[in-house]
Structure formats: C-alpha cells, structure tokens
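# Fold and geometry: a report
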Amino acid sequence: MTAQPIAPVTPSRGPLTARAGDRAVPVRRLPLAVVAPDAPLLPDEVVYGFGRMDVSGRVGDRAIVGVLGWRPGDRLTLTGAAGVVIARRDPGGLVSMPAKPYLAIPAALRQRCGLRAGDRVLLAVFPGQDALAAYSFAVVDQALRAHVLFARGAGGES
C-alpha cells in the first residue's frame, strides 16, 4: 500500500476573507515592518567577532584575525586604554603574530587596560587601517548605556 502525497496548500491571491458564522468577512492585512529612516547602518569597513582572554593573554577568533591577512611572524604594535587594546601591523612592533590566529597581549598591557583571564571581549577589525581592537564587555556596556534612551516605565525598568 502506498501513501498518497498531500497536495500543497497555496494561498489565493484574491482578497483575504474569514468566516464569521454564515458570512465571509474581509480580513485586515498586517502592516509590514519598516526600517526607521534614521536607523544606523553597520559600516562595511568594520568586521566584528567575540573572543575570550585566556590566562596567557591570548584572545582571538580565527575568522576575525583572518580578515586582516596577518601572517605568523608579522610584527605588531599594541596600544591600550581602559578596557581596550588596539593592535596594528608595524614592522618595528615589539610583538609578533604567533603561528595560530590569536593576539597575545602582554601582561603589563592587560593589567593597565584592566583585562583579566576569562574576560570576554568584542573584537573589531578595521581592514582599511590594518588594525584590530579588543573591547572589554565593560566598555561595550558603557557604550550601550550611553546610547539606549529607555525611560522608566516606557519599555525600560519600571
């Protein structure tokens, strides 16, 4: 015994109607979502990813580091500020790119920037500037809180 295939259900292109008892009632179409005209667009010149700092200061994401085309042995200059480390390819740099695609942040710089083992970081790659930035989630949180404008009781905390 073979089963009969079930015919596909395709909606008609005519006006939508619903049944209310014995009569057909027109159905109101739902509005389509529209992007706000002032909504910011993600720039093409930045690629984002995530990583976790290990106890040796290594952090990376194979795809993210690969965007820059950095090769093992490339010299890098690392600079930092509170919660942020920026790496740039520099022939006179003091740090070299290891064989595996990660960034090794020296202990003194990690300490100065407040980065610890186990911290998750937002990685931002700027191919046009040949640079990679690692932002601690504390910095990301500050940026989000400064940008989000929820009023109490209107979508935010009540």
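Everything below is about the structure shown above.
To keep things clear, this report deals only with the structure shown in the data block. Bear in mind that the values here come from a model prediction, so they are computed numbers and not experimental data.

What counts and what doesn't
Here the residue numbers are simple positions, counted from 1 along each chain's written sequence. Note on the predicted model: pLDDT of at least 70 is required for a residue's local features to be given, and 80 or more for side-chain atom pairs to be given and counted; whole-chain, interface and lining totals, by contrast, use all residues. Here the side-chain values reflect all heavy atoms present in the structure, with hydrogen atoms and water set aside. Under the pairing criterion, centres of Phe, Tyr and Trp rings, with the six-membered ring standing for Trp, must be within 6.5 Å; the plane angle then separates stacked pairs below 30 degrees from edge-to-face pairs above 60, leaving the rest tilted. Working definition: helices are DSSP H or I runs of at least four residues, strands are E runs of at least two. Numbering for both runs from the N terminus. Relative accessibility decides the category of a residue: with a 1.4 Å probe and only protein chains considered, values under 20% of the type maximum give buried, values over 50% give exposed, and everything between is partly exposed. The salt bridge criterion pairs a side-chain nitrogen of Lys or Arg with a carboxyl oxygen of Asp or Glu, the two atoms within 4 Å.

A full pass over the atoms with the stated rule returns one aromatic pair. Ring geometry for phenylalanine 50 versus phenylalanine 137: centroids 5.9 Å apart, planes at 70 degrees, classification edge-to-face. Pair noted here: phenylalanine 50 is in strand β3 (residues 47–52) and phenylalanine 137 is in helix α3 (residues 137–147), with a separation of 87 residues, a long-range link. A relative accessible area of 38% places phenylalanine 137 in the partly exposed class.

Bringing the pattern of salt bridges into the picture now. Under the defined criterion, the tally for this structure stands at four salt bridges. With its nearest N and O atoms 3.0 Å apart, the salt bridge here joins aspartate 74 to arginine 89. Remark: arginine 89 occurs in strand β6 (residues 84–89) and aspartate 74 occurs in the loop between α1 (62–68) and β5 (75–81); sequence separation between them is 15 residues. Relative accessible area serves as the criterion here: at 33%, arginine 89 is assigned to the partly exposed category. In this structure, the salt-bridge partner of arginine 89 is aspartate 130, at a minimum N-O distance of 2.8 Å.

Any link to function would need more than the numbers given here.
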